[in-house]
Amino acid sequence: MCGIVGYVGKRPCRDLLINGLQKLEYRGYDSAGISLLADGEIDSVRAVGNLANLRVAVGMGTNGDAPVAAPSATIGLAHTRWATHGRVTEENAHPHGDCSDEVHIVLNGIIENHAELRQDLRGDGHVFSSETDAEIVAHLIEKHYSGDLTEAVRSAFGDLRGHYAFAAMHAAHPDTLVAARQECPLVVGMGDDETFVASAIPAFLAETRNALAIENGEIVTVTPDGATVTDAAGASVARKSEEILWDEDAAEKGGYATFMRKEIDEQPDAVAETIADRLPDKDRVDLSELELDPEFVRSMRRIVIVACGTSYHAGLVGRYAIEQWARVPVEMDIASEYRYRDPVVSSDDLVIGITQSGETADTLAAMRLAREKGAKVMALTNVMGSQATRDADAVLFTRAGLEIGVAATKTFVSQVAAMYLVGLWVAQQRDALPAERVAELIAELRNLPSKIQETLDSVEERVKAVARAEKDGTFFLYLGRNVGLPVCLEGALKMKEISYIPSDAYAAGEMKHGPIALLDESTPVVCVATDSPILDKVLSNVEEVRARGADVVSIATEGTPRVAEASDLTIEVPRTDWLLQPIVAVLPLQLLAYHVARMRGLNVDQPRNLAKTVTVE
Ligand code: AGP
């Protein structure tokens, strides 16, 4: 999740663009860049690291040097990057140019068909200067350009497949920027004699509060006088701008009250981008980026997953999927335990370290230990250039973008999605699943982003009602079986870490072996009872609990009325393959913890005693 901003107007725009980027740094900041057009020439500066480095590189000072006067350019593009394709280097930072540096673009998102487009363009003689998928767009516009920038962008837009938004500038058009949107956010800021394009409103809110939303599949041509919106076919689209009333704090959070709530809403995008170009066909998973020897994958004896906290829970879901689909034994361990138990591990084992930050000390140590003992080590992380990427033989990136809220949400669902990709890919390498079943599951995976959106749109009011009823509780119990258990563990962790209410998650079948003693009328019990081959077992545990007078709130798959009959209150989630249910079933639990904490007036973004990244032993 990167940040893009563009300006065309009457004012010199270097500082406007850089200040706009500053407001978008919550979207990612491993590198940044700016391109300014003046006198028919595009001048571009890019820098690795956070925005301060770009400020120095463009002469806006802060390293003690006197600031350099802003160039006269009144049109430009700028970008802050969260790398997904291509390492964190200056060459891979945006803006990207075409072969003659006449077209420059900035892009947020993923181009799914970048490999085949790059091949075709190379065949036509185009020369690429970066490893990114984004650079494709500049060359496609160059290929289609014959004097009309909007039409060249429209043609390029037609060639692209993916999840993105981009803005383009051409040296021959000093008064025009053209931008396009496919899923990723894009908005226009309408000023007096000036217009902005950006991935989010905070980029221009200090300059204008007049915003025009760009919808999916639309192209917008902006000049100092305003914006013209057209659809992919070229038909004009009428759209009214609206006045934005956010204060500074809300602006920093993209209009949300908290980062956690914003990140909960970013989960459809996080999963869409994480699976995007890894499902190139309807019956094939492509994880060639892992660079794991297929022969090793076919013959490996076992998979061991090590992680901490929420990442551990994502691993637990992954275990069920990998064992079910690939029939490879999967061992799970909490990294801080694994590293001190002198584990038995060998060269025909694959050890997967899951860590969103890529910097968690216990997980890194567990990965290093496994590597020292000869195992192949793979890292699943959200941060390019993090230590985990250096401590592993293979790396798979989730693409959730920067997560600021301490309580992990979008990184959890993107880790679970990545685990599903690994399970299916290993199954394919080992011919463990019939092709039709693989195709079925790939179709289901592709539907997950919309199922997540559907859940977020449908459950919140019911969740808030439960939060209102239970916010003063002294204990929450979560019960589940099979893939429902890691969802419970994650729900209980969220409740503990942001609402500070003691909470426990238990395998429902274990209740009668002790924990049932905890129950009375005042105990809220949250039961993950999504449809699965063992739903009957879960429902008999629900009856056990209700017989002790406890209130049961169940998470159920739509179309399973018997769960509602057995529970006091039911929150329904959309149907998917039963092994994929955790990715939607966790959402009401994230929201429950969130609303209980908010109703208790707590700081959900920075809970007490917690850090986002635990680098201490
Ligand atoms: C989750 O909400 C917590 N922030 C915490 O448990 C976290 O998952 C754990 O510290 C692991 O972090 P990592 O994924 O960056 O390694």
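Scoring rules and cut-offs
Residues numbered from 1 in each chain as written. Predicted model: local features only at pLDDT ≥ 70, side-chain atom pairs only at ≥ 80, totals over all residues. Heavy atoms only, no water. Helix = DSSP H or I, 4+ residues; strand = E, 2+ residues; numbered from the N terminus. Buried < 20%, exposed > 50% of the residue type's maximum accessible area, 1.4 Å probe, protein only. Contact = heavy atoms within 4.5 Å. Lys, Arg positive; Asp, Glu negative; His and termini not counted. Charge placed at Lys NZ, Arg CZ, Asp CG, Glu CD. Pairing = 2+ DSSP bridges. Salt bridge = Lys/Arg side-chain N within 4 Å of Asp/Glu carboxyl O. Polar contact = N/O pair within 3.5 Å; in protein donor to acceptor, adjacent residues only side chain to side chain. Right-handed = clockwise from strand over helix to strand, strands pointing away. Phe/Tyr/Trp six-rings, centres within 6.5 Å; stacked < 30°, edge-to-face > 60°. Lys NZ or Arg CZ within 6 Å of the ring centre and 35° of its normal. Axes fitted to C-alpha atoms, helices over the stretch in contact; angles between N-to-C directions. Parallel < 35°, antiparallel > 145°, perpendicular 65-115°, else oblique. Left-handed = near helix turned anticlockwise from the far one by under 90°. Nonpolar A, V, L, I, M, F, W, Y, C, P; charged D, E, K, R; others polar. Near = heavy atom within 4 Å. Areas by Shrake-Rupley, 256 points an atom, 1.4 Å probe, with all protein chains shown as cover. Core = buried A, V, L, I, M, F, W, Y, C linked by side-chain atoms within 4.5 Å.

Caption draft 1: Local environment of the overall build of the protein. A count of helical and extended segments in the protein gives 19 helices and 25 strands. Judged by the C-alpha coordinates and their principal axes, the protein covers about 80 × 55 × 50 Å. Counting the 617 residues in the protein, one finds 60% classified as buried. Sequence separation of 24 or more characterises 71% of the internal contacts of the protein that already satisfy a separation of 6 or more. Distance between charge centres in the protein, computed from 59 positive and 93 negative side chains, equals 5 Å.

Caption draft 2: Broad picture of the pairing of strand β10 (residues 195-198). Alternating positions in β10 separate into two faces, T195 and V197 on one and F196 and A198 on the other, with burial throughout. As judged from the four bridges shared by strand β9 (residues 187-190) and β10, these two strands associate in the antiparallel manner. Following the sheet pairing, G189 is matched in β10 by F196.

Caption draft 3: Local environment of the pattern of salt bridges. According to the stated counting rule, one finds 35 salt bridges in the structure shown. E289 is the partner of R278 in a salt bridge, and the nearest nitrogen-oxygen pair spans 2.7 Å. Of this pair, R278 sits in the loop between α8 (267-275) and α9 (294-299) while E289 sits in the loop between α8 and α9, placing them eleven residues apart in sequence. Taking relative accessible area as the criterion, R278 reaches 1% and is therefore assigned buried. Through salt bridges that share partners, R301, R302, E331, D333, R341, D348 and D349 make up one connected network.

Caption draft 4: Region of the structure containing the side chain of T411. By the element assignment, T411 lies in helix α14 (residues 410-429). Classification of T411 as buried rests on a relative accessible area of 1%. At 2.7 Å, the side chain of T411 forms a polar contact with the side chain of E403. Non-local contacts of T411, meaning those with residues more than four positions away in its chain, are made with Q356, N382, A400 and E403.

Caption draft 5: Focus on the pairing of strand β18 (residues 349-355). The element β18 is extensively covered by neighbouring structure, given that seven of its seven residues are classed as buried. Residues D349, V351, G353 and T355 of β18 are buried on one face, and the alternating residues L350, I352 and I354, pointing to the opposite face, are buried as well. In this structure, strand β16 (residues 302-307) lies alongside β18, joined through six bridges in parallel fashion. Pairing of R302 across the sheet is with D349, part of β18. The pairing of β18 with strand β19 (residues 376-381) spans six bridges and is parallel. Its bridge partner being in β19, L350 is matched across the sheet by K376. Handedness of the β18-helix α12 (residues 361-372)-β19 crossover: right-handed.

Caption draft 6: View of the packing of aromatic side chains. With the rule as written, the count across this model stands at six aromatic pairs. Ring centres of W325 and Y420 lie 5.8 Å apart, and the angle between their planes is 50°; on these two criteria the pair is classed as tilted. Of this pair, W325 sits in helix α10 (residues 309-326) while Y420 sits in helix α14; the two residues are 95 residues apart in sequence, bridging distant segments of the chain. Owing to a relative accessible area of 2%, W325 belongs among the buried residues under this scheme. With relative accessibility at 0%, the residue Y420 sits in the buried group. Put simply, the rings of Y7, F196 and F204 touch in pairs and so form one group of aromatic residues. A cation over an aromatic ring shows up here: R319 above the ring of Y320, its NZ or CZ 5.9 Å from the ring centre. Stacked on the ring of F296, the Lys or Arg K376 has its end atom at 5.8 Å from the ring centre.

Caption draft 7: Structural view of the packing of helix α4 (residues 135-144) against helix α5 (residues 149-159). Running from N to C, α4 and α5 point in directions that differ by 120°, and their axes come no closer than 8 Å. By the angle class used here, α4 and α5 are oblique. Read as a crossing pair, α4 and α5 show a hand that is right-handed. Two secondary-structure elements touch here, α4 through L140, I141 and H144 and α5 through L149, A152, V153, S155, A156 and D159. Among the residues forming the contact of α4 with α5, the class breakdown is six nonpolar, two polar and one charged.

Caption draft 8: Examining unusual backbone geometry more closely. H94 connects to P95 through a cis peptide bond whose omega is 0°. Its location among the elements puts P95 in the loop between β4 (75-81) and β5 (96-97). Of note, D39 is a non-glycine position whose phi angle comes to about 50°, a positive value. Note on placement: D39 falls in the loop between β2 (31-38) and β3 (41-48). A positive phi angle, near 60°, is found at D193, a position not held by glycine. Here D193 shows up in the loop between β9 and β10. Among the residues examined, D193 registers a relative accessible area of 46% and is labelled partly exposed.

Caption draft 9: How the structure looks around the site of the ligand. The local shell around the ligand holds 15 residues, among which S311, T355, S357, T360 and E497 are the closest. At 2.6 Å from an oxygen atom of the ligand is found a side-chain nitrogen or oxygen belonging to S357. Between K494 and the ligand, the recorded distance is 3.1 Å, taken from a side-chain N or O atom to an oxygen atom. Protein coverage of the free-state accessible area of the ligand, which is 410 Å², stands at 92%. For the shell around the ligand, the elements supplying multiple residues, two or more each, are α10 and α16 (484-499). For the shell around the ligand, the per-class residue count stands at six nonpolar, seven polar and two charged.

Caption draft 10: The sheet that holds strand β22 (residues 503-507), seen in detail. Reading across from one edge, β22-β21-β23-β24-β25 is the order of the five strands in this open sheet, with parallel pairing throughout. Edge positions in the open sheet fall to β22 and β25 (569-573), since each of these has one partner strand only. Between one strand axis and the next, the sheet turns through 20° on average, direction left out of account. Pairing of strand β23 (residues 524-529) with strand β24 (residues 551-557), which is carried by six bridges, proceeds in the parallel orientation. Bridging from a neighbouring strand, P524 pairs with D551 of β24. Contacts from helix α17 (residues 535-546) reach β21 (476-480), β23 and β24 within the one sheet, and its direction differs from that of β23 by about 170°.

Caption draft 11: The nonpolar core, seen in detail. Judged by nonpolar contacts, the single largest core of 90 residues is most densely connected at I303, W325, I352, Y420, Y478, I583 and L592. Per-element tally for this core: the top contributor is α14, with 13 residues. Among all residues touching I352, those that are not within four sequence positions of it are I303, V304, I305, V306, M378, M419 and V422.

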